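# Summary of structural features
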Amino acid sequence: LGGSSCRIRSSHEPAPRLARARLGNPHTLREVRPPVVGREDELARATTVVRRVAEGSCALLLVGEAGIGKTTLLDAVMDEADTLGLRSLVARPSEVETELAFAGLADLFVTVESDDLAALPRVRRSALEQALRRVEGAPAVDPLTVALAVLDALRQLADASPVLVAVDDLQW
């Protein structure tokens, strides 16, 4: 990692309410990882951003060349989010998935149960479930309806508890 730089960009908006953290998050599909070595400063700044999620919306962007540890930092941030009781929605797309419609979205929503989507408007819920391939023989869906359904679902999940949305290798 010598000589390589990893920049962290973040933003924060105050929220209208505080959300209570849940410990031992059942929505996490990650293993515990070894500690981050050589990126302690970046990790400290990134976890500080994540700790502010209960106060409002936050954004964190890890930028740098391939192979310098962005995924390792993201994994450590996700571990911190789990410790804080945040619900983590994670997508890890790859180049081979670029031809698959909604593959990244399906990855992101893998821990979201159908019951979590029950309060969505019927048309949006149906479009999202089709995009996620949760129904058989589903016709093609309108991307705008799916996008609105995702926004509604994220708002609904965030009303229940703080949510971390993480996308690794966003370029795919």
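Residues numbered from 1 in each chain as written. Predicted model: local features only at pLDDT ≥ 70, side-chain atom pairs only at ≥ 80, totals over all residues. Heavy atoms only, no water.

## Points about the nonpolar core
Counting 19 residues, the largest nonpolar core has Leu105, Phe109, Leu117, Leu128 and Val146 as its most contacted members. At the level of secondary structure, the elements contributing two or more residues to this core comprise strand 3 (87-91), helix 3 (103-108), helix 4 (122-131) and helix 5 (143-160). No other element matches the five residues that helix 5 contributes to this core. Sequence-distant contacts of Leu117, that is, excluding residues within four places in its chain, are made with Phe109, Val112, Arg125, Leu128, Glu129, Arg134, Ala153 and Gln156. (Core = buried A, V, L, I, M, F, W, Y, C linked by side-chain atoms within 4.5 Å. Buried < 20%, exposed > 50% of the residue type's maximum accessible area, 1.4 Å probe, protein only. Helix = DSSP H or I, 4+ residues; strand = E, 2+ residues; numbered from the N terminus. Contact = heavy atoms within 4.5 Å.)

## Focus: a nonpolar patch on the surface
Together, Val165, Val167 and Leu170 make up an exposed nonpolar region whose accessible area comes to about 260 Å². Tracing the sequence through the fold places Leu170 in the segment after strand 4 (163-167). Given a relative accessible area of 63%, Leu170 falls into the exposed group. (Patch = residues over 30% accessible without salt bridge, like charges linked within 9 Å, V, L, I, M, F, W, Y side chains within 5 Å. Areas by Shrake-Rupley, 256 points an atom, 1.4 Å probe, with all protein chains shown as cover. Salt bridge = Lys/Arg side-chain N within 4 Å of Asp/Glu carboxyl O.)

## Observations concerning helix 5
Compared with an ideal rise of 1.5 Å per residue, which puts 18 residues at 26 Å, helix 5 spans 26 Å between its outermost C-alpha atoms and is within 8% of the ideal. If you check which residues of helix 5 are buried, you get Thr145, Val146, Ala149, Val150, Asp152, Ala153 and Leu157. In this structure, the buried residues of helix 5 make contact with strand 3, helix 3, helix 4 and strand 4. (Expected span 1.5 Å × (residues − 1).)

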